[in-house]
Amino acid sequence: MTEKERRTGRDETSDERADRMWGELIQEVRVAQMGVQILFGFLLTVVFTPKYDTLDDTDQTIYIVTVVLGAAATGALIGPVSLHRLVSGRRIKPKAVEWASRLTLVGLVLLLATTTCSLLLILRVATHDGFVPYLVTGVVLWYLVCWFVLPLWTRKRYTE
């Protein structure tokens, strides 16, 4: 086994690595895109319901912020598809993978914010109870552990 194989675990060229990483990234993006698109689609309908007019100013503000965050998350998570389409065949796939990965990470952060605001709004409207911020904080902490803490810990723990 060569030093390179021990270091990377694979014997692949940079183009082969970019192809593999692109395929993996697109699979990941498909999952996140589906979730953000369903959530965003639902959010777009809320303003047209009779209940929206009964929301107080704070809840309407939370709703508007949530919709904007959902739109931003949708853009970031669809961005890698557009990026790939516009740079395909230009022999810059490693850079395209790098930028698509960044867009995906930004999209996940925006999805976290969208989900947080959605949960806050729904629980405020459904319960009108003072424990809502604590419940939302608990869920956000859970998302942070699942989406960021565990992967970063795993990366640090098992990467040489």
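Up top is the structure.
Residues numbered from 1 in each chain as written. Predicted model: local features only at pLDDT ≥ 70, side-chain atom pairs only at ≥ 80, totals over all residues. Heavy atoms only, no water.

**Some points on the packing of aromatic side chains**
Applying the stated criterion across every chain, the model contains three aromatic pairs. Measuring from ring centre to ring centre gives 5.1 Å for Y143 and W147, while their planes differ by 10°; the resulting arrangement is stacked. A residue pair is termed a helical-turn pair when its members lie 3 or 4 positions apart in one helix, as Y143 and W147 do in helix α5 (residues 132-158) at four residues. The class of Y143 is partly exposed, set by a relative accessible area of 22%. (Phe/Tyr/Trp six-rings, centres within 6.5 Å; stacked < 30°, edge-to-face > 60°. Helix = DSSP H or I, 4+ residues; strand = E, 2+ residues; numbered from the N terminus. Buried < 20%, exposed > 50% of the residue type's maximum accessible area, 1.4 Å probe, protein only.)

**Remarks on the pattern of salt bridges**
Counted by the stated rule, this structure contains six salt bridges. A salt bridge links R20 to E12, with the nearest nitrogen and oxygen atoms 2.8 Å apart. Note on E12: relative accessible area 16%, which makes it buried. For K93, the salt bridge identified is with D19, shortest N-O distance 2.9 Å. Pair noted here: K93 is in helix α4 (residues 93-127) and D19 is in helix α2 (residues 14-46), with a separation of 74 residues, a long-range link. Assessed through its relative accessible area of 26%, K93 is described here as partly exposed. The network of salt bridges with common partners includes E12, R20 and E24. (Salt bridge = Lys/Arg side-chain N within 4 Å of Asp/Glu carboxyl O.)

**Comments concerning the packing of α2 against helix α3 (residues 57-87)**
Packed helices, taken two at a time, are described by their axes: the angle between them and the distance between them. Closest axis-to-axis distance for the α2/α3 pair is 9 Å, and the angle between their directions is 150°. Comparing their axes, α3 and α2 come out roughly antiparallel. Handedness of the α2/α3 crossing: left-handed. For the pair α2 and α3, contact is made by W22, V29, A32, Q33, V36, Q37, F40, L43, L44 and V46 and by Y63, T66, V67, G70, A71, A73, T74, L77, I78, P80, V81 and H84, respectively. Of the residues assigned to the contact of α2 with α3, the class counts are 16 nonpolar, six polar and no charged. (Axes fitted to C-alpha atoms, helices over the stretch in contact; angles between N-to-C directions. Parallel < 35°, antiparallel > 145°, perpendicular 65-115°, else oblique. Left-handed = near helix turned anticlockwise from the far one by under 90°. Contact = heavy atoms within 4.5 Å. Nonpolar A, V, L, I, M, F, W, Y, C, P; charged D, E, K, R; others polar.)

**Some words on α4**
Spacing of three or four residues puts side chains on the same side of an α-helix, whose turn is 3.6 residues. For α4, which comprises 35 residues, the first-to-last C-alpha distance of 49 Å matches the rise-based estimate of 51 Å (1.5 Å per residue) to within 8%. Positive backbone phi, at 50°, marks H128, one or two positions downstream of α4. (Expected span 1.5 Å × (residues − 1).)

**Looking at α2**
Compared with the 48 Å implied by 1.5 Å per residue over 33 residues, the 47 Å span of α2 between its first and last C-alpha is a close match. Residues of α2 that are buried include every one of A18, W22, L25, I26, V29, A32, Q33, V36, F40, L43 and V46, and no others. At its buried positions, α2 is contacted by α3 and α4.

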